[in-house]
Amino acid sequence: MSGLFDNLVILEATDFLYFNLSWSNGEALIQIKKSALSFIKDFATSSVHISSQIINPIFNFLNLIHSRYEISDSYFKSAQSDAFDSDHSNGKIINSTSANIGNDAVDFSGSIAELFDLSFDGVGDKVLSAGEMSKISGNNIDIMNTEIGITSKDLSEVSLTDLKIKDTRLGFAVFQKKEEYGVGQASINGLEMTNVDL
């Protein structure tokens, strides 16, 4: 069934969706229970669990809107834009890797997320971007070869433990971007930085 869809958009799924994804030569095969579809992009008002190997997506790989999710044991590689966007969604990302990402690796707006055991290598813009009153907590996060490590803006709160940042231009950016919000916050315990310019 591969090649049927350029993008898959799922709206208001009533059951928790379980996905098994694999990539071959830039083409995705997604198994949803016993059916197969050929690319995943947007979920709105859904519950999603992804546990997979994810390689070579195109543009934004995964965008969740008003959804619940858990992503574990996954690999985001070579996204031309953002690898993961969470808009007004709640969830967890566990034991996952992102590499060679063109823009942001994980981008949260109005979201709540828990991050555990993540590594990021080669991110073109921000590794973690929290905006619009997001609340992000995490533990054991490794960042290397990126432009910007952690960004908290517009009344967002980022709280991380055991964070390592290496070979990165800017470790942190905390600011107000939109007039209707205030400045973001970042709290880091157990920070190790090596060869970080600012």
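The structure under discussion appears in the preceding block.
Read on for an overview of the structure. (Residues numbered from 1 in each chain as written. Predicted model: local features only at pLDDT ≥ 70, side-chain atom pairs only at ≥ 80, totals over all residues. Heavy atoms only, no water.)

Description of the layout of surface pockets
If a probe the size of a water molecule is rolled over the atoms, the empty space left behind becomes visible.
Then, number 1: The volume enclosed by the second largest pocket comes to roughly 160 Å³.
Then, number 2: For the second largest pocket, the lining is made up of 13 residues, of which Asp107, Lys126, Ser129, Lys153 and Lys177 are closest to its centre.
Then, number 3: For the lining of the second largest pocket, the elements supplying multiple residues, two or more each, are strand E12 (106-109), strand E14 (126-131) and strand E15 (135-153).
Then, number 4: Looking at the lining of the second largest pocket element by element, the count peaks at three residues for E14.
Then, number 5: Residue composition of the lining of the second largest pocket, grouped by class: one nonpolar, four polar and eight charged. (1 Å grid on protein atoms, 1.4 Å probe; cavity = no way out; pocket = protein on both sides within 12 Å on 5 of 7 lines; lining within 4 Å. Points joined across faces, edges and corners; volume = space filled by probe spheres on them. Helix = DSSP H or I, 4+ residues; strand = E, 2+ residues; numbered from the N terminus. Nonpolar A, V, L, I, M, F, W, Y, C, P; charged D, E, K, R; others polar.)

Structural notes on empty space enclosed by the protein
Then, number 1: A full pass over the atoms with the stated rule returns one cavity of 30 Å³ or more.
Then, number 2: Its boundaries defined by the atoms lining it, the largest cavity holds a volume of some 70 Å³.
Then, number 3: What lines the largest cavity is Phe76, Ala83, Phe84, Ile93, Ser96, Thr97, Ser98, Ala105, Val106, Leu118, Ser119 and Phe120.
Then, number 4: With four residues, the single largest contributor to the lining of the largest cavity is strand E11 (residues 90-101).
Then, number 5: Counted by class, the lining of the largest cavity contains eight nonpolar, four polar and no charged residues.

Examining unusual backbone geometry
Then, number 1: The backbone of Asp117 sits at a positive phi, close to 55 degrees, despite the residue not being glycine.
Then, number 2: Examined against the element boundaries, Asp117 turns out to sit in strand E13 (residues 112-123).
Then, number 3: The residue Glu132 is not glycine, and still its phi comes out positive at about 55 degrees.
Then, number 4: Position of Glu132 among the secondary structure elements: in the loop between E14 and E15.

In short, the description is geometric, and any link to function would need to be established separately.
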